[in-house]
Amino acid sequence: MNRLAEEKSAYLKHAANQKIDWYPWSQTAFDKARHGDRPVFLSSGAVWCHWCHVMAQECFFDDEIAEILNNHFVSIKLDRDERPDIDRRYQMAVAAMGQSGGWPLTMFLTPDKVPFFGGTYFPPEDRHGRPGFKKVLKAVIELYKSKKDAIAEYTGKLMDALKVSPDSAGEISKTNLHEAVINILSNFDPQNGGFGAAPKFPMSGAMEFLINRYYFTGDESTGHAVRKTLEAMARGGLYDQVGGGFHRYSTDEAWLVPHFEKMADDNAWLLRNYLSAYSVFGDEYYREIATGIIKFLRDVLSDPEGGFYTSQDADVTPDDEGGYFTWTDEELRSVLTEEEHAVISLHLMHEAGAMHHDKSKRALFQAMSMTAIAERTGRPASEVMDIINRGKGKLLLSRNSREAPFIDRTFYSSINGMLISVFLHGFRILHDTELKDFAIKSLGRTLEMRLINKELYHTENVRALLDDYAYLTDALLAAYEVTGNAAYLSQAEELMKTCLDKLWDRDKGGFFDTDDHLLGIHIKGVEDMPHPSANSVCIRLLLKLFSATGNNVYHQHAEKALRYFSVKAGEIGIHAGHYFSALDAYYHNLKLTLHAGPGSVLSGTAVSLPVPYFDIIYGQDKGYVVPCIGEVCYNPIENPEAPKDFTDERRHAGNGIHE
């Protein structure tokens, strides 16, 4: 048992029985390295990470590796979910070394925390073109002993390279939106949906932007890319066809075989995508997928007392990748009737889903549609649907009896803010009061646990990062809009004020990710990695607070951030999808001032409008709603049906809420 047994992080606790004399990230560890003149071995990963578990099993229980590390290094284990700010800076370092990043991140540091060598996964011995970890450790020991001057020279150059050069601000215009759509669509995969090649990620920020652009423009090329992608992801193995919810990413271009971990942040934003698509396209299939995500989140990643967990691991054991989620034909036959097996096999089992380590195990995806099965078997489509639903229910019941992958029950402010916001968004679109009630309960619990003496925390004993301020403020504003409770608006203002005080760059604009700039590296990111960037979220929040309060300082900050990030966003295109949503909102936002009670039919209709960007402000209850677009306000609306008529008339009317 090492020092990690007393840590709060589930990932660190998982390493407590390893043979390595691990330290958590602490000054104590670096002081020991300095006093003993030893290099520091930093291993950063997460409890959901498949290859982290593989390297741990292969290397960190190995007697020879443990002896080398314990005798020649000071070893630090880092949870990248708990300290994403630290991990992010060393990911930048490994990229500057010409290596690909990811997890596990394997870094070697001087006692001053400066990196001088790194990589990701290393097997214990040379394998598949990767050097063995034992060989790497011995080389690092020799390098550190004999070439300190060379290390000092190299790290000096490396740190100079890592000092992020300031981005130059640019201009903003509606043209930027049009150019962004063209840029994103240039990456579209017309055959499989999605963007780019394998490994393939959902790109939720870009998807949300495209959905919203389609609402405003009706451009069919945009609409086609959205529909093709959403349907391909939902029919593929990326979506859990049995239990709902999405895995992290696809290992192939066609969304068939995923990496099986299920992340709360991924599912939060994919839920938003499918909800938004349902509200814009009206396709019931998107509603079905959204409710499947919600069911997964409620059944697996939420606490009955309120609040959301972080992730579900990919595996039960590292040597059986995705074993909990995959099926053999024999397993199907043991659960299903012959009739059900015949239909489910056609629907979900295909050789393209075979796992690389065991070809008999398949990732399930929709290989044949219900319509095609009906044609092949001569059954009515409704009967096929009933058989599929019945069979999937049996599969889920059977799967629930298996040993399940580990669930990280850590409460992070950022993740809870994301999910609270999207549950409230779901309430507005699906009219499901259970979503609202659970979101409000979760918000109360998150504030109670993580906002202590007006100091916000990321998790226990870790001070808040930009993501925490951004997403929890978003949750508070979402709660205000659906309840009319001004206390939520007041708390949102307080959090944003603290965020501006701590993290706003007063010289150039934009928010730093943290006020603790390790290695002197200041990061103001606009990339969606993979969930939408906190800077982009903050721009939208500043615009909302301006709408709610009339305080022009918020608007000025939003404009300054939009200009600061405009050049960078234009360069990275699809990876800044949510920035373009914020810019879209800047030009095309609808503001509704509700002079109607929060529980009234009129306010209920207004809150549920299927409009991409709009703000709800509550005034005195006089029985009407005042819509404003930009600086133009329109006649008060009293008829509960009229708010939707108002937006429908202007959706393609060319007068302010679209291009």
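Definitions and limits used
- Residues numbered from 1 in each chain as written.
- Predicted model: local features only at pLDDT ≥ 70, side-chain atom pairs only at ≥ 80, totals over all residues.
- Heavy atoms only, no water.
- Helix = DSSP H or I, 4+ residues; strand = E, 2+ residues; numbered from the N terminus.
- Buried < 20%, exposed > 50% of the residue type's maximum accessible area, 1.4 Å probe, protein only.
- Contact = heavy atoms within 4.5 Å.
- Areas by Shrake-Rupley, 256 points an atom, 1.4 Å probe, with all protein chains shown as cover.
- Disulfide = S-S within 2.5 Å.
- Pairing = 2+ DSSP bridges.
- Core = buried A, V, L, I, M, F, W, Y, C linked by side-chain atoms within 4.5 Å.
- Polar contact = N/O pair within 3.5 Å; in protein donor to acceptor, adjacent residues only side chain to side chain.
- Salt bridge = Lys/Arg side-chain N within 4 Å of Asp/Glu carboxyl O.
- Axes fitted to C-alpha atoms, helices over the stretch in contact; angles between N-to-C directions.
- Parallel < 35°, antiparallel > 145°, perpendicular 65-115°, else oblique.
- Nonpolar A, V, L, I, M, F, W, Y, C, P; charged D, E, K, R; others polar.

1. Quick look at the overall build of the protein chain
Scanning the protein chain from N- to C-terminus turns up 25 helices and 19 strands. Residues classed as buried in the protein chain amount to 58% of the 659 residues present. Of the contacts made within the protein chain by residues no fewer than 6 positions apart, 68% connect residues no fewer than 24 positions apart. Within the structure as shown, the protein chain displays about 26000 Å² of accessible surface, and the carbon and sulfur contribution to it stands at 49%.

2. A word on the state of the cysteines
Counted according to the given criterion, the structure contains two disulfides. The residue that forms a disulfide with Cys 49 is Cys 52, at a sulfur-sulfur distance of 2.4 Å. Of note, the bridge from Cys 49 to Cys 52 carries an S-S torsion of about 80° and is right-handed in sense. Linked covalently through their sulfurs, Cys 628 and Cys 633 form a disulfide whose S-S length is 1.9 Å. A torsion of 100° about the S-S bond marks the disulfide between Cys 628 and Cys 633 as right-handed. The class of Cys 628 is buried, set by a relative accessible area of 6%. Of note for the protein chain: the bonded cysteines, numbered N- to C-terminal, pair according to 1-2, 3-4. Unpaired in this structure, Cys 59 has its nearest cysteine sulfur neighbour in Cys 52, at a distance of 12 Å. Cysteine Cys 499 is unpaired, with the sulfur of Cys 538 as its nearest cysteine sulfur at 4.7 Å. Here Cys 499 falls in the buried class, since its relative accessible area comes to 1%.

3. Details of the pairing of strand 18 (residues 624–629)
The buried fraction of strand 18 is high, at five of six residues. With six bridges joining them, strand 16 (residues 590–595) and strand 18 adopt antiparallel strand pairing. When the bridges of strand 18 are listed, Lys 591 appears paired with Cys 628. Sheet topology places strand 18 next to strand 19 (residues 632–633); two bridges connect them, and they run antiparallel. Looking at the pairing, Cys 628 lines up with Cys 633 of strand 19.

4. What about the sheet that holds strand 19?
Pairing within the open sheet is mixed, and its four strands lie in the order 17-16-18-19. Both edges of this open sheet fall to strand 17 (614–618) and strand 19, since each of them pairs with a single strand only.

5. Examining the nonpolar core
The biggest cluster of nonpolar side chains holds 134 residues, and the ones touching the most others in it are Tyr 274, Phe 423, Met 496, Phe 511 and Tyr 579. In terms of residues, this core owes the most to one element, helix 19 (residues 466–483), which gives twelve residues. Dropping the residues within four chain positions of it, Phe 423 is found in contact with Leu 271, Ile 294, Leu 297, Arg 298, Phe 308, Leu 435, Phe 438 and Ala 439. Of all hydrophobic cores here, the second largest spans 35 residues; its members include Trp 48, Val 54, Phe 60 and Leu 137.

6. Looking at the sheet that holds strand 8 (residues 262–263)
Here we have three strands laid out as an open sheet, ordered 8-9-12, and antiparallel in their pairing. With partners counted over all chains shown, the strands left at the sheet margins are strand 8 and strand 12 (407–408), one partner each. Here strand 8 pairs with strand 9 (residues 311–312) via two bridges, running antiparallel. Paired with Lys 262 across the strands is Gln 312, a residue of strand 9.

7. Things to note about the side chain of Ser 421
With respect to the helices and strands, the residue Ser 421 is situated in helix 17 (residues 413–430). The exposure class assigned to Ser 421 is buried, which follows from its relative accessible area of 4%. Side chain to side chain, Ser 421 and Asp 474 meet in a polar contact 3.3 Å long. If near-sequence neighbours (up to four positions away) are discounted, Ser 421 is found in contact with Arg 272, Tyr 471, Asp 474, Ala 475 and Ala 478.

8. Looking at the pattern of salt bridges
Summed over all chains, the structure comprises 43 salt bridges. Lys 200 serves as the salt-bridge partner of Asp 189, at 2.8 Å between the closest nitrogen and oxygen. Taken as a pair, Asp 189 in the loop between helix 8 (174–185) and helix 9 (204–217) and Lys 200 in the loop between helix 8 and helix 9 lie far apart in primary sequence, eleven residues in all. Comparing Asp 189 with Lys 200 shows no difference in burial state: the two are buried.

9. Here we look at the packing of helix 14 (residues 338–348) against helix 16 (residues 381–399)
Across the interface, helix 14 lies against helix 16 with an axial gap of 9 Å and an inter-helix angle of 90°. For the element pair helix 14 / helix 16, the angle class is roughly perpendicular. Only Glu 383, Val 384, Ile 387, Ile 388, Arg 390, Gly 391, Lys 392, Lys 394 and Leu 395 of helix 16 make contact with helix 14, whose side of the interface consists of Glu 339, Glu 340, Val 343, Ile 344, His 347 and Leu 348. Of the residues that constitute the contact of helix 14 with helix 16, the class distribution is seven nonpolar, two polar and six charged.

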